[in-house]
Amino acid sequence: MGVVVAQVENVVGERVLIAVQAVNISRLSTHPVPTVPGTLIVVAGAGPKDSNGAGKSSFIASITALLGDEQWRFASGAKAVSELLFNAELASGAGARQWASADHGYIVGVFAPAGMEDFTAAKSVDAVAGEDGELFEVTATSGGAVTVWLRVNQEAPHLEIRWREGVHLAAAASEAERVARADELWASLPRSAGRRDVVARDLTKVLYGDRVRCVSFLSTSVRSKVATNLLSQPLNEISPERVFEAIAALTGLDAELEQEREARRDEHAKRVRAALAGERLAEFEAESKALLATFDRRDQARVRLAGALRCWRGRQARRLADAAGKDEALAAELARHQAASEAAAEAIALVKAEIGTLKEDTLDRSVTEARRELAALQARAGKLDADRAVAENSADELRGMIPTLEEARRFADGRDVPTAERELKEVGLRLNEALKALGVADRETASAQAALDDAEGGPAAAQLNALASAGVGATGLLDALDVAEQARDQGGPVEDLRLDDLRGWPGEHAVIVDAAQLGAAAAALAELPGSVLVSAAGVSVVGAFDGVATGREARIKAAEQRLNRALDIQETAAQAVRNEEEAVAQAQRRLEGAKAGVRLAELERRLSERRARLSELTAALEELVPRVAEAERQAGALDFRARTRDMEIERLDGRRHRHEAERAQAREQEAKVGAERDALRLEALAADWGGTVETAGEWVRALPEEERGRTADEWWRAAERLLDQALRDTFPQEEDEVPEELRFLLQERSGSTAREQATFAAVCGSLASYLRAQEEYEKHQRRQIEAQVVSRQRDLAAADKGAEEAAQSTAVHRAALTAAIRARLTRVAEEFEKLDSSYGGYGATLEFPVPPAPADPEQRWQWRVTPKWRRGEGQGYVPYNRRANTALMDEKAVKLVCAAAIASSGGGHLCLVLDELGRNLGKEHRREAVALFRRIGETYGITVIGALQDDMEPYAIDACGQYIKLRRSSDAMPYNEPPVIVGHDQHADRVRALASYVDRTAENA
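In this text the structure is predicted, and so the values were computed from the model without any measurement. (Residues numbered from 1 in each chain as written. Predicted model: local features only at pLDDT ≥ 70, side-chain atom pairs only at ≥ 80, totals over all residues. Heavy atoms only, no water.)

As a further point, take the overall build of the protein. When helices and strands are tallied, the protein shows 27 helices and 21 strands. Surface exposure of the protein reaches about 51800 Å², of which carbon and sulfur atoms provide 51%. (Helix = DSSP H or I, 4+ residues; strand = E, 2+ residues; numbered from the N terminus. Areas by Shrake-Rupley, 256 points an atom, 1.4 Å probe, with all protein chains shown as cover.)

Have a look at this one:
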């Protein structure tokens, strides 16, 4: 695979970046963003409150990753690039609930030759979203446009790279569809390195042939390591050391300085190895000397171990002889204790027999029977007393209910329950009839009131109101008529005249109008069909009528008389209802009184029963009291006899306990003496000695006079002392490697004297075995020590030589690096001079003395760069940290940044990316500084991309070569809206093609 990658290098070549598309990168929109190469591109923002939150830093950071800015540390996998992926929690307050963070995304760049003209826009949207995803129709595939896709992953590998000739961007109608389309296009692209993709460590070599295509100043919010930004604060406030760091980051000197530090680390490591070799030789010689001393001590340990075994033998003989004498004395004492135990046992048997005679069970049965009879009588008396209390309580409750029932019974007036129920039913029927009569009277009153209202309003009221609104004078026809007195007399009383008598006469809704206003009246009554107009010109009928009525005053008078009669009838019916309701209430009270009389009779019957039961319980209780008293007397007498007997038995038990204690003491002493004899372990001692008691005595008697009187403890202390000395001689240090068996025995041995004695023989045997095994090894070790000393002396000589060669190599590398740094800084100074002279200055240069290399291998080689410039024609150079006006400082800082970028480009196209562009520039100098960036970029073919804040936007929008504004209107929106792009490009076809593509995408969205 490495061979395949090496064969594909510099895919982009001399092409320049003309378009960028971000998918799932921060909150950036997926719309493609065209870029104009070789000029100043400013990136502004419109967030929910200000320019913050629109994703400017993420946008320019994605461009630096695409262009291979080494500050991303591609050799280490570029893990920091994955931090650019969309994070729902950071993108929106509600994003963690409504959106999901992206596990991968894409940074897509379109590169084309600087002078390329042979491409046209695709003919239709179908071509844009076609199977190959090509945006333009490129006539020449070799040397034409190429699209590079960077897949950014949350997990390793964090970067994967693919590319294809032509322009291939993700096009679709919405953001979600463009994201899905990006995954499809990625899958369709060929793998860049055979069976796998190119990853971060090969990005710059494969895409750009290890040429520097991008230098940048990015903010801390995007990348953790931030180079000093010469434009972030006044130039005279930046130290010479930080000025050099900024130039080193722009010109790629960081890597070379890191190599120099690695060389110093290597030299230091080799010097440390040489010192360690000398220390190891001295240490080995010291160890060898100590080892030989150890061998001598082990010889002494063998002698002392033999002495320890002899003393152990003497202890065993003395113990066996002493134990035999003590066993004879213990045997006589055991016989005395056995005789005392037998005498106590005989006395115990006599006392037990006497106690058995007293414990005859006739008295116990009598006491038990008397107590049982007493308990039964007491229980019966208690039950009778409880029943009597219950009967008394029940009688009291019944007596308390009688007054209330007697009070209620008086309302019955001597009626029984059936009579009261029948009267209540009859009164209820009369109440229902009265309610019905009241309902009929209410309906008649309502009808009479309606007739009165109708008579007062007139039958043609609606027509008269409509004509009055139209300004036409009119009078109701029926209101204008009056019935003659003779007609009334013939027709009956006036109050008998009703509207129904005139049904069928169409004059009910007729009105009289002037003939001249007939047309206007007809128009006014158009919404009232059925109206009749009467004039001198004739009668005009608009609709039909149900009846007629004449004489308005007569109608009103008749209606009033009808209403008065209805009201009188209604009042009479209401009074009848109230009377019947009172009769119903009276009947209800009589019924309740009759029912109370029935309940009172039942209550008196129950009370009589409770009184009879109470008399029976009282008589039974009086009869039972004497029997209880007699039972208590008998039980007390039997208890006294039983207590007297128990006291005698207790006295005999005390005597028995004393005899048992004597027997127990005798047995205890017997067992103690027996245990002492067993503890002597004569058989075990004889086995340990390896003979009989007689042979042990003979061995002791054969000892010299000074040793013959030693006790077993004295023999033991001597043996223990010799063994400890032998162990210390064999293993003088605690960390010595003790054999596993011996280590286990020593651990078991510690803690008590008994355990030490129990394991003494095993420890001696294990130590003797170890010393025997070490004898041949020690002889071999003596020969090996001599050979090792010679070998380590040779290693020390080789390490000293390697350290000397590393020091020489570091000096040569530092000299070469010094020359390279001076050459790079000299070129920056030359470009600084050219830019200053070409753009309004009198000349500028850099001063950079060579600093001494640090002694600490971990410390960075710190250089100092001091910018200087002339303030007038023919004057000398003045250091940058002298007092100067703000405009001059801002101008020199811009020129110095551009000079470093030009020096690092190597003659090829370069992209300079700046975050917070012009943040420190004064308001009066911002436009000039931005214009200077544009002029320098267009002159030297540098694309300057700068993100700026709101206060910088008015100055940069007119002076830049291209303006990009990222937009996000609300914190609730996790993604940006389509960006606003304004630019100038000599390749008009490409601009129109990109604009057409963006427009179509926005329309489809």
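And the narrative resumes.
Time to look at helix α21 (residues 740-749). Those residues of α21 not exposed but buried are L742, L745 and R749. Axial view of α21: buried residues confined to an arc of 60°, hence all on one face. More than 90 degrees from the buried face of α21, the exposed residues found are E740 and Q747. Downstream of α21 by one or two residues, G751 has phi in the positive range, about 120°. (Buried < 20%, exposed > 50% of the residue type's maximum accessible area, 1.4 Å probe, protein only. Arc of directions from axis to C-beta.)

Bringing the sheet that holds strand β9 (residues 198-199) into the picture now. Within the open sheet, the six strands sit side by side as β2-β1-β4-β7-β8-β9. Their pairing is antiparallel. Because the sheet does not close on itself, it has two edges, and the strands there are β2 (33-34) and β9. In the sheet, strand β1 (residues 16-23) pairs with β2 via two bridges, with the strands oriented antiparallel. Counted as the bridge partner of A19 is P34 from β2. Lying over the sheet, helix α6 (residues 175-188) contacts β1, β4 (104-112), β7 (146-153) and β8 (159-165), oriented at roughly 80° with respect to β8. (Pairing = 2+ DSSP bridges. Contact = heavy atoms within 4.5 Å. Axes fitted to C-alpha atoms, helices over the stretch in contact; angles between N-to-C directions.)

Moving on, we come to the nonpolar core. Residues F244, L846, L912 and F933 are the most contacted members of the largest nonpolar core, which totals 61 residues. Once you skip the residues sitting within four places of it in the chain, L846 turns out to touch I247, L825, V828, A829, F832, V865, T866, P867 and L896. Counting 48 residues, the second-largest nonpolar core is a separate cluster that includes L17, F59, A61 and I964. (Core = buried A, V, L, I, M, F, W, Y, C linked by side-chain atoms within 4.5 Å.)

With that settled, the discussion passes to the packing of aromatic side chains. With the rule as written, the count across this model stands at nine aromatic pairs. Ring geometry for Y106 versus W186: centroids 5.8 Å apart, planes at 45°, classification tilted. Placement of Y106 in strand β4 and of W186 in helix α6 is noted, with a sequence separation of 80 residues between them. Both residues of the pair, Y106 and W186, count as buried. (Phe/Tyr/Trp six-rings, centres within 6.5 Å; stacked < 30°, edge-to-face > 60°.)

Quick look at the sheet that holds strand β15 (residues 844-847) now. Read from one edge to the other, the open sheet built from three strands follows the order β15-β16-β17, with strand pairing classed as antiparallel. Of all the strands in the sheet, just β15 and β17 (877-879) have a single pairing partner and so form its edges. The sheet shows a mean angle of 35° between the axes of neighbouring strands, taken without regard to direction. Examined bridge by bridge, β15 and strand β16 (residues 866-870) share four bridges and lie antiparallel to one another. Looking at the pairing, A844 lines up with W869 of β16.

On to the environment of L189, then. One can find L189 in the loop between α6 and β9. Through-space distance from the C-alpha of L189 to that of W149 is 8.9 Å; in sequence the pair is 40 residues apart.

We now examine the confidence of the model for the protein. Summarising the model, the protein shows a mean pLDDT of 76, and 83% of its residues fall at 70 or more. Within the protein, helix α5 (residues 125-128) has the poorest average pLDDT of any element, 34, and β7 the best, 93. Low pLDDT, under 50, characterises residues 117-142; the stretch is placed with 57 contacts to residues that sit more than four places away or in other chains. For residues 543-550, every residue scores under 50 in pLDDT, and the model assigns this stretch 38 contacts once sequence neighbours within four places are set aside. (pLDDT = per-residue confidence, 0-100.)

Glancing now at the side chain of E160. Relative to the assigned elements, E160 resides in strand β8. By relative accessible area, which is 17% here, E160 ends up buried. One polar contact links E160 to N153, side chain to side chain, over a distance of 2.8 Å. Other than its neighbours up to four places away in sequence, E160 contacts W149, L150, R151, N153, W186, D197 and V198. (Polar contact = N/O pair within 3.5 Å; in protein donor to acceptor, adjacent residues only side chain to side chain.)

A few words now on the environment of G654. Here G654 lies in helix α16 (residues 552-680). Judged by relative accessible area, which is 26%, G654 ranks as partly exposed. When the C-alpha atoms of G654 and V351 are compared, they prove to be 9.8 Å apart, with 303 residues separating the residues in sequence.

Let us now look at the pattern of salt bridges. If you walk through the whole model with that rule in mind, you get 24 salt bridges. With its nearest N and O atoms 3.1 Å apart, the salt bridge here joins D387 to K383. Here K383 and D387 lie together in helix α10 (residues 362-409), a separation of four residues that amounts to about one turn. Overall, the relative accessible area of 23% leaves D387 in the partly exposed class. The partner of E571 in a salt bridge is R578, with the nearest N and O atoms 3.6 Å apart. (Salt bridge = Lys/Arg side-chain N within 4 Å of Asp/Glu carboxyl O.)

What follows deals with the environment of M889. In this structure, M889 sits in helix α24 (residues 886-905). Assessed through its relative accessible area of 4%, M889 is described here as buried. Along the backbone, M889 and L235 are 654 residues apart, and their C-alpha atoms lie at a distance of 6.1 Å.

Turning next to unusual backbone geometry. The amide bond that connects A156 to the next residue, P157, takes the cis arrangement and shows omega of -5°. With respect to the helices, strands and loops of the structure, P157 is situated in the loop between β7 and β8. Non-glycine residue N10 carries a positive phi angle of around 55°. Positionally, N10 belongs in the loop between α1 (2-7) and β1. Of note in this structure, A78 is not a glycine but carries a positive phi near 55°.

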